Amino acid sequence: MTSLTELKLTDAVAGLKSRTFSSREITQAFLDAIDTSNPHLNAYVVVTHDKALAMADAADARLAKGKKLGRLEGAPLGIKDLFCTAGVRTTACSNILGEFTPTYESTVTANLWDAGAVMLGKLNMDEFAMGSSNETSRFGPPTSPWRRKGDNRPLTAGGSSGGSATAVAADLCLAATASDTGGSIRQPAAFAGLVGIKPTYGRASRYGMVAFASSLDQAGPLAKTVRDSALMLEVMCSPDPRDSTSIRSPVPAWTKAPGKSIKGMTIGVPKEYRVDGMPAEIESLWEKGVEWLRAAGARIVEVSLPHTKYALPAYYIVAPAEASSNLARYDGMRYGARKSTDGGLTDTYETTRAAGFGLEVQRRLLIGTYVLSAGYYDAYYLRAQKVRARILADFDAAFQSVDALLTPTTPTAAFAYGERSGDPVAMYLNDIFTVTANLSGLPAISVPAGVDADGLPLGLQVIGKPLDEDACFKVGAVIEESAGFNARPDRWW
Amino acid sequence: MSVDKDTVRKVARLARIAVPEDRLEPLAAELNGILAWIEQLNEVDVEGVEPMTSPVALSLPMRADVVTDGGIRDQVLANAPQTSDGFFIVPKVVE
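Residues numbered from 1 in each chain as written. Chains lettered and ligands numbered in written order. Predicted model: local features only at pLDDT ≥ 70, side-chain atom pairs only at ≥ 80, totals over all residues. Heavy atoms only, no water.

1. A few points about the overall build of chain A
Step number 1: What chain A contains, in helices and strands, is 15 helices and eleven strands.
Step number 2: For chain A, the C-alpha radius of gyration of 21 Å lies close to 23 Å, the compact-globule estimate for 493 residues.
Step number 3: Across its three principal axes, chain A shows a C-alpha extent of roughly 65 × 55 × 50 Å.
Step number 4: Here chain A, with 493 residues, has 65% of them falling under the buried criterion.
Step number 5: Sequence-distant contacts in chain A: of pairs separated by 6 or more residues, those separated by 24 or more amount to 76%.
Step number 6: Roughly 15900 Å² of accessible area belongs to chain A as shown, and the carbon and sulfur atoms make up 50% of that amount. (Helix = DSSP H or I, 4+ residues; strand = E, 2+ residues; numbered from the N terminus. Rg over C-alpha atoms; globule rule 2.2 N^0.38 Å. Buried < 20%, exposed > 50% of the residue type's maximum accessible area, 1.4 Å probe, protein only. Contact = heavy atoms within 4.5 Å. Areas by Shrake-Rupley, 256 points an atom, 1.4 Å probe, with all protein chains shown as cover.)

Rendered as structure tokens:
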């Protein structure tokens, strides 16, 4: 028998509704699993035992009445530490936020609670979501449940949503919220054998989400299946008057997309994504993906996105520039940790920020401040924004002739801690296939499609047209079905 | 364009981050590594291209100019490092 914690979200929701088990039972099962596993995996940075059980009891009361049930009634979830949760410490895993405990709820999490979901706790991440491995978290990195065959070295579950990926992959929640500024949902999904989707920019409200780079940040879920991710995303998204960039049209019924035929769809394979030094395993997985989609009745064509190679350098101007502006709010005066000095106001600011921000965040704030500073603004920031327009134009042109694009999610499988951290640029290259969807605002899903020679998961990415998450879910479900991915990490923790 | 120690000092001051003197040189080297990599953007022809500031091609929404929030002083102050009588306490600003 499958234990409660191993259930897929969709099945758990059905089991709760039919009262095969109660929310308290499954919530307690997850809390027990977290208490046993978290000392080894470090996925949760806060575990909300009492709140979880109270929410579970409330859900059980509603389930007993059987009226006005939410779509996630009684389902226990993990929340990335980036989302403000009323009364529960939220720090984006940065020291500068100290013991910050929001007095309000983010729209995304409020939508989940309105749907009856249960909060298990807050999940580890890179500080302010800046990183690809979670090595920048103030709480230390989580450890992926995955390991290379015959190798005990701890691996990263990716970043920045590494705690979310670890928790879902290790059965420490049914699904988790995550966020994606350059690939922070999709790269961890690929590394941990999960499904992750970043919707079209503006679908998910950014209200109450700790800001990194406002024109790139989007929330999305990490889940075990395409169907689970569609259910999560459908509940998380909503038009929101409190976010001026929120898309005002209603959220479509994405849960109806998985399982629909892709016959007659045209799928583009961008030739510029065939990068130098790409491992043969990634290349052959991509080829398999093409075959699966063709067998399902799609037409495959090669397309060109000529400005692809400029996406990462443009991102590393735009994102730090927006971050330097967003993170200016952390001055130690109104909230967060203050480091008092005798040197007056400016000195207090500088000391507070030097103590509160980790080295990677400081590095990006310096880059951002530099590219926005007088005399360099045009050469760097303005130029990057123009390159960004050209990257979007590449996609617009490709989408004249194709319905969606198929690419690998990452250039490699998960790596061990320390393997990349020495060289910032080498670490940034992780995002090479994912960052274009952030710059252009497009929806993109990562679906587990196979394992490498070490037995580690690899993902394929489907990028859709603006507002066409449906295509991501449809094509993603075909990949999921064809790949029959059922690898699980061997339990060592 | 390359960054030297003095530029790092100046930028760190603008970013309000105290950087110890012995970190300036290594930081300059790191930033130069990143900036050198970014330089490849100069290859792109951006003549006549409008800069893209947002991925959503929406006009900013308007709302009625009415008060919808407020009266939550205690919530606003709840996370302040130092407060007194309903005020934030900050270091001395004017000598």
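2. Brief notes about the environment of I34 of chain A
Residues and elements named next belong to chain A.
Step number 1: Following the sequence through the fold, I34 ends up in helix 2 (residues 23-41).
Step number 2: Distance in space between the C-alpha atoms of I34 and C173 is 8.7 Å, their sequence separation being 139 residues.
Step number 3: In this structure, I34 is in contact with P39, Y44, V47, L120 and L172, ignoring residues within four places of it in sequence.

3. Brief notes about the interface of chain B and chain A
In many reports, interface size means the accessible area that the parts give up when they come together.
Step number 1: Tallying the contact residues gives 52 residues for chain B and 65 residues for chain A.
Step number 2: Both sides of the chain B and chain A interface together cover about 5100 Å² of buried area, and 70% of this is carbon and sulfur.
Step number 3: Among the ionic pairs, E43 of chain B bridges to K309 of chain A, the shortest N-O distance being 3.5 Å.
Step number 4: Summed over the shared surface of chain B and chain A, the number is 18 residue pairs in polar contact (both at pLDDT 80 or more). (Buried area = accessible area lost by both parts, 1.4 Å probe. Salt bridge = Lys/Arg side-chain N within 4 Å of Asp/Glu carboxyl O. Polar contact = N/O pair within 3.5 Å; in protein donor to acceptor, adjacent residues only side chain to side chain.)

4. As for the confidence of the model for chain B
Residues and elements named next belong to chain B.
Step number 1: Residues of chain B with pLDDT of at least 70 account for 99%, and the chain-wide mean is 92.
Step number 2: Helix 2 (residues 21-38) is the least confidently modelled element of chain B, averaging 94 in pLDDT, while helix 1 (residues 5-14) averages 97, the highest of any element.
Step number 3: Scored by ipTM, the complex comes to 0.95, with pTM at 0.97. (pLDDT = per-residue confidence, 0-100.)

5. Some points on helix 2 of chain A
Step number 1: Of all the bends found along helix 2 of chain A, the most pronounced is centred on D35 of chain A and spans about 35°, while P39 of chain A, a proline, follows it within four residues.
Step number 2: In the segment just after helix 2 of chain A, N42 of chain A is the residue with positive phi, at about 55°. (Bend = angle between axes of the 7 residues up to and from the residue.)

6. Concerning the pattern of salt bridges
Residues and elements named next belong to chain A.
Step number 1: Under the definition given, this model contains 28 salt bridges over all chains.
Step number 2: A salt bridge links D171 to K224; its shortest N-O distance comes to 2.6 Å. On the criterion of sequence distance, the pair formed by D171 in the loop between helix 5 (162-169) and strand 4 (176-180) and K224 in the loop between strand 6 (218-223) and helix 7 (226-236) is long-range, its members being 53 residues apart.
Step number 3: Looking at K224, the relative accessible area reads 14%, which means it is buried.
Step number 4: Measuring nitrogen to oxygen at the nearest pair gives 2.7 Å for the salt bridge that ties D171 to R488. One end of the pair, D171, is in the loop between helix 5 and strand 4; the other, R488, is in the segment after helix 15 (469-483), and 317 residues separate them in sequence.
Step number 5: R488 gets classed as partly exposed once you look at its relative accessible area, which sits at 45%.
Step number 6: Each of R148, D151, R153, E419 and D454 takes part in a single network of salt bridges with overlapping partners.

7. Structural notes on the packing of helix 1 of chain B against helix 2 of chain B
All names here are of chain B.
Step number 1: It is the contact of helix 1 with helix 2, at a shortest axis distance of 8 Å, that shows an interaxial angle of 100°. As summarised for this structure, helix 1 and helix 2 are arranged roughly perpendicular, according to the angle between their axes. Contact residues: K5, V8 and R9 in helix 1; E21, L24, E25, L27, A28 and L31 in helix 2.
Step number 2: The residue makeup of the contact of helix 1 with helix 2, split by class, is five nonpolar, no polar and four charged. (Axes fitted to C-alpha atoms, helices over the stretch in contact; angles between N-to-C directions. Parallel < 35°, antiparallel > 145°, perpendicular 65-115°, else oblique. Nonpolar A, V, L, I, M, F, W, Y, C, P; charged D, E, K, R; others polar.)

8. Examining the pairing of strand 6 of chain A
Residue and element names in this part refer to chain A.
Step number 1: Counting buried residues in strand 6 gives six out of six residues, a clear majority hidden from the surface.
Step number 2: Of the pairings in the sheet, the one linking strand 4 to strand 6 comprises five bridges and is antiparallel in character. Directly across from A176, in strand 6, lies its bridge partner L222.
Step number 3: Sheet topology note: the strand 5 (residues 195-198)/strand 6 ladder contains two bridges and is antiparallel. Paired with V195 across the strands is A223, a residue of strand 6. (Pairing = 2+ DSSP bridges.)

9. Points about the environment of Y316 of chain A
Step number 1: Mapped onto the elements of the fold, Y316 of chain A is located in helix 9 (residues 311-326).
Step number 2: Taking the C-alpha atoms as reference points, Y316 of chain A and D396 of chain A, 80 residues apart in sequence, are found 23 Å from one another.
Step number 3: Beyond its immediate stretch of four places on either side in the chain, Y316 of chain A contacts R364, I367, Y428 and D431 of chain A together with W37 and I38 of chain B.

10. Structural notes on a nonpolar patch on the surface
All names here are of chain B.
Step number 1: Together, I72, V76, F88, V90, V93 and V94 make up an exposed nonpolar region whose accessible area comes to about 500 Å².
Step number 2: Tracing the sequence through the fold places V93 in the segment after strand 2 (87-88).
Step number 3: On the accessibility criterion, V93 (57% relative accessible area) is exposed. (Patch = residues over 30% accessible without salt bridge, like charges linked within 9 Å, V, L, I, M, F, W, Y side chains within 5 Å.)

11. Some points on the packing of helix 1 (residues 9-17) of chain A against helix 7 of chain A
All names here are of chain A.
Step number 1: The geometry of helix 1 relative to helix 7 is characterised by a closest axis approach of 8 Å and an angle of 70° between their N-to-C directions. One finds that helix 1 runs roughly perpendicular with respect to helix 7. Judged by residue contacts, L9, T10 and V13 of helix 1 engage R227, D228, L231 and M232 from helix 7.
Step number 2: Looking at side-chain class alone, the contact of helix 1 with helix 7 contains four nonpolar, one polar and two charged residues.

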